[in-house]
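The primary structure of each chain is shown beneath.
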Amino acid sequence: MKKIFPLIIVLITLSVLGIMVIQMSWIKNAITLKREQFKREVEKSMIDARETIYDRFLTSKTTQIFIGENSRQNHLKEAFTVQFFSKDEIQQILETTLRKNNIKQPFEFAIYNIFNVPILSSDGFPQQERDNTFNILVTPDNSLRAQEVLYLYVKEDKNYIISRMAWMITASILFTCIIISAFVLTIRTMFRQKNLSEIKSDFINNMTHELKTPLATISLAIDALTNDKVIHDTDKIRYYSGMIKEENKRMNKQVEKILQAARIERQEIKLNLQVLDAHELIAKVTDNLSLQIQDKNGSLNLKLGAAKHIVQADEVHFSNVIFNLLDNAIKYSKDNLHIDVETLNSGGMLAIKIKDNGIGMNKETQSRIFEKFYRAHTGNLHNVKGFGLGLSYVKAIVEAHGGKIKVESTPGKGSTFTFSIPLQSA
Ligand code: ADP
């Protein structure tokens, strides 16, 4: 799986690049073909124009009537010269034949005699560029008169050729963009899926560990209870059954956490709103955690300064929120743990601040901690176990109450979580 992923990226990148190169060469070929087609159209126009000039010469510039191809050719051979025509007449003939052959650009022309002297010339004909223009012999091949050559300068406009192919170029750019976007989207989805599957396998590992430890303890306690020496000792029986109860409680708590996450996912959280004294509730939760704080040689300071502290909240969920935040403050701490819990009133709400001097978090972690299953890599603290569900639950509950939660944190210095809860409505 690990090798397939980069291989897919390389293969898709190569094929997208390949398609782009092939498309570019097709477009280049098409431009060359169009240019050749343009050349052929100009040359055809010149032949057509010469035919028209002959016809005009034979019908209007002479009084004779020609019957049969031979006499027509003979007369042209003997008498034809462009000098019978005016500049405007040639201009008009060229214009008509060019337009008929689909060439719409402006053009200039000149007719030179055998001594390279211009007989007729349009005003803008570029004399110096004469070698780069299209030319055709206007006098018949076997003319008895001196040869005359028509030079035609048509500005070959690159944009003109490109504009004739505009739909093709636009369509290929559009489809290339679509392919690239689809490619980027696929890669992004693949990365997300990969992340998700890593997160899920982390979660399963954590869960197994969290459930295995109490199960092992329970199993050992049961073994001890069945021991002959213990079975008659009431103190020991009390001790081991207490241990089983404790571990059972721990397991229940873990299972409850997972179930809660599932309930949030299904949006099944129902709040049982009651009027509560937030200060009392905070005191109760902190009391329950005092042993854990003592274990870490830490201290907790309550600064419950809010004048209004009667809130409308669900007692169980609200206690869980405070518990989870304090539990994290203890879990992600260093030596000399110190926690401040502060309350204040702001914007008609009760704001509760929980500040620790623990390991803190960088910006990336801060932006993701409220995501389900997210756990930061906590360096040497990575043996701290958890499911990455606590804060997503906290956020869902705070928001279900109509409050907000935010975090401010500095790596190495500590974190402050602040959340608000609505006061009892008057
Ligand atoms: P868990 O604690 O089970 O991993 P949480 O959702 O409670 O899940 O927390 C998510 C992550 O946020 C934690 O893994 C940790 O990296 C980070 N975190 C939470 N609280 C704190 C804190 N007070 N100090 C530093 N990091 C914290």
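Structure shown above.
Draft legend 1. View of the pairing of strand β9 (residues 349-356). Summarising burial for β9: 6 of the 8 residues are buried, a large majority. Bridge analysis of strand β8 (residues 338-346) against β9 gives 8 bridges, and the strand direction is antiparallel. In the sheet register, S346 faces β9, and the bridge partner there is M349. Hairpin connection of β8 to β9: 2 residues between the antiparallel strands, including G347 at a positive phi of 55 degrees. Bridging between β9 and strand β11 (residues 414-422) involves 7 bridges; their strand directions are antiparallel. Residue pairing in the sheet places M349 in a bridge with P422 of β11.

Draft legend 2. Region of interest: the nonpolar core. Among the nonpolar cores identified, the biggest contains 38 residues, and V311, F318, I322, L325, I339, F417 and F419 are the most heavily contacted of them. Elements with a minimum of two residues in this core: α8 (278-288), β7 (310-314), α10 (315-331), β8, β9, α12 (390-400), β10 (405-410) and β11. For this core, the element with the highest residue contribution is α10, accounting for 7 residues. If we skip the residues at most four places from it in the chain, F419 touches F318, V321, I322, L325, L350, A351, I352, V398, K404 and I405. Within the second largest apolar cluster, 28 residues are counted, among which are F57, L76, F80 and I111.

Draft legend 3. A look at the sheet that holds strand β3 (residues 134-137). Spatial strand order, β2-β1-β4-β3: 4 strands in an open sheet with antiparallel pairing. A strand with exactly one partner marks an edge of an open sheet, and here the two such strands are β2 (118-121) and β3. In this sheet, neighbouring strand axes are inclined to one another by 20 degrees on average, regardless of whether the strands run parallel or antiparallel. As paired strands, β3 and strand β4 (residues 148-154) are joined by 4 bridges and run antiparallel to one another. Bridge pairing links L137 to V149 in β4. Docked against the sheet, helix α3 (residues 87-100) engages β1 (107-113), β2 and β4, running at close to 125 degrees with respect to β1.

Thresholds, definitions, all that
Residues numbered from 1 in each chain as written. Predicted model: local features only at pLDDT ≥ 70, side-chain atom pairs only at ≥ 80, totals over all residues. Heavy atoms only, no water. Buried < 20%, exposed > 50% of the residue type's maximum accessible area, 1.4 Å probe, protein only. Helix = DSSP H or I, 4+ residues; strand = E, 2+ residues; numbered from the N terminus. Pairing = 2+ DSSP bridges. Core = buried A, V, L, I, M, F, W, Y, C linked by side-chain atoms within 4.5 Å. Contact = heavy atoms within 4.5 Å. Axes fitted to C-alpha atoms, helices over the stretch in contact; angles between N-to-C directions.

All quantities given are derived from atomic positions and should not be read as evidence of function.
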